[in-house]
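# Inside the fold
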Amino acid sequence: METPAPDVPPEIARFHGAWIGTWGDDIRTVLVVERVKADGRADVIFAHGDSACYGTYREWWRAEAKIADGVLTIAGKAMLTEWLRSLQYAFDGPDRLFQTSTHHSGGVVSGTVLGGRDAAIIGIACGTRCMPLSYVYDRRHSTIESIGGGAVTTLVLSVRVNEEERALLEAASSLARTSLSDFVRRKALEAAEADILERRIVTIPAKDWEAFEAWANRPPEEIAGLKDLARMTPTWQK
Amino acid sequence: MAEVTLPGPLSETDDRARFDCGRESLNHWFQRHAWANHTVGISRTNVICDAATAAIIGYVTLSAAQIERAFLPKSQQRNKPDPVPATLLGQLAIHRDHQGKGHARSLLLFALRTALRASREIGSFGVITHPIDDSVRAFYGRWGFQDLPFEPHRAMIVRMVDLERSGIEQ
């Protein structure tokens, strides 16, 4: 790792460090930005783990990336994973990058990678196994889509099913004349909403119980919204 | 605006199949579960209807609920508090042809009055609801609900004592 020179603009220098996370909900991935230069070039190490889900094997390589307009890109000859077209990273928080991979097959998969210059994270990224990798994993994933010129961020949730379940879901989505993804999303949300609405037991964390009791036992209060509601005439009386 | 019936208990002959509030989870629950829950007493559903056609305009559901402290290992359990009884305002929905006419807040007022009256006979600390999106949260917030403190899933509540103090009862 080489500390950025004073002439490196801060928007480029901030990429310097080690970034680690998961990708496609399954693939452990590491990006180490070893060196950044004032013109936006960066020396990086990229690595990913095995994934039975995606049928990929671990690999790592060094390459030169480009940083421009707030995005670090590895593409073209620098891309040494044969099934990937490009990798792009953009900040989603002070210590959070979104990794978006574009595949030759046309697929786009994104994941969050956490990191920075923290010694523990750099250690993990560089191979130190002093703590479980899952310590810094973030299971939130997202795909950034562009709709009508505006950026809309949606989260990707991977669900594992067996072949029989997948066939059933595909048949049902076909009957509903919708995509498998949209069908699963819609049905899952319906079920989630129904469960939430029916939640009859509300649990307060034990550490907060006394404070909750204090809140519950405070004197009665007049509430403006309730007073407004009390004054209205129901539609069946109009 | 169509003439509306007084809120009344759901009956088996009410045409639930044609009800469409635009939200499939609420339609599905009403069509598949409302009557079964109503008959066995798990929850009570009241409906308002178009006085001329008897088509259902909206429904609201109340049931018993409780607020409890999270589980603690036995070694840490000391003076375990009793759960706090409450009332759940589970579902409130208006047919899409009748939205924007004041039926939702009318049914909310009906539900709060019903819950307050019932709490005089069977104790209940407050009315809880679980908004499923920000627009629903804003609706309940407008009419006096607040986030239930310390509840990680952002349930909303209004206390019975506040309903009483604010003049909700007729």
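Within any chain, residue numbers begin from 1 and follow the written order of that chain's sequence. Both sets of labels track the order of writing: A upward for chains, 1 upward for ligands. Selection of residues for local features in this predicted model requires a pLDDT of at least 70, selection of side-chain atom pairs for listing and counting requires 80 or more, and totals for whole chains, interfaces and linings are taken over all residues.

## Overview of the overall build of chain B
Helix and strand counts for chain B come out as five helices and seven strands. Secondary structure counts use DSSP, requiring at least four H or I residues in a row for a helix and at least two E residues in a row for a strand, with both numbered from the N terminus. Listing the helices and strands of chain B from first to last along the sequence gives β-α-α-β-β-β-α-β-α-β-β-α. Here the C-beta atoms are placed from the backbone, and a residue counts as buried if at least 20 other C-beta atoms lie within 10 Å of its own, exposed if 12 or fewer do, and partly exposed otherwise. Looking at chain B as a whole, 42% of its 170 residues qualify as buried. When contacts within chain B are restricted to residue pairs at least 6 apart in sequence, long-range pairs at least 24 apart make up 62% of them. Whether two residues are in contact is decided by their C-beta atoms, placed from the backbone, lying within 7 Å.

## What to know about the interface of chain B and chain A
Between chain B and chain A, the residue contacts involve 51 residues of the former and 33 residues of the latter. Elements with a contribution of two residues or more to the side of chain B that touches chain A: α1 (24-32), β3 (56-69), β4 (84-94), α3 (103-121) and α5 (160-165) of chain B. Looking at which element gives the most residues to the side of chain B that touches chain A, the answer is β3(B), with seven residues. Here the side of chain B that touches chain A is composed, by residue class, of 27 nonpolar, 14 polar and 10 charged. Note: strand β11 (residues 201-204) of chain A against β3(B), four bridges, orientation parallel. Opposite Ile201(A), over in β3(B), you have Gln66(B) as the bridge partner. Gly is put with the polar residues, along with every residue not named as nonpolar or charged; the nonpolar set is Ala, Val, Leu, Ile, Met, Phe, Trp, Tyr, Cys and Pro, and the charged set is Asp, Glu, Lys and Arg. Any two strands with at least two DSSP-identified bridges between them are counted as paired.

## Overview of the confidence of the model for chain A
All names here are of chain A. pLDDT measures the predictor's confidence residue by residue and takes values from 0 up to 100. Taken residue by residue, chain A gives an average pLDDT of 78. The fraction at 70 or more is 76%. Looking across chain A, the model is least confident in strand β9 (residues 142-147), with a mean pLDDT of 34, and most confident in helix α6 (residues 224-231), with 96. Across residues 124-152 the pLDDT falls below 50, and counting only partners more than four positions away or on other chains, this stretch makes 49 contacts in the model.

## Some thoughts on α1(B)
Considered for burial, the residues of α1(B) that qualify are Ser25(B), Leu26(B), Asn27(B), Trp29(B) and Phe30(B). Looking at the buried positions of α1(B), the neighbouring elements they touch are α4 (180-197) of chain A together with α2 (34-40), β3 and β4 of chain B.

## Considering the pairing of strand β4 (residues 59-68) of chain A
Residues and elements named next belong to chain A. Here eight bridges tie strand β3 (residues 41-48) to β4, and the two strands are oriented antiparallel to one another. Residue Ala42 lies in a different strand from β4, and its bridge partner there is Ala65. Pairing analysis gives three bridges linking β4 to strand β5 (residues 71-75), with the strands arranged antiparallel. Directly across from Lys66, in β5, lies its bridge partner Thr73. Counted between consecutive antiparallel strands, the loop separating β4 from β5 contains two residues, among which Asp69 sits at a positive phi close to 55°.

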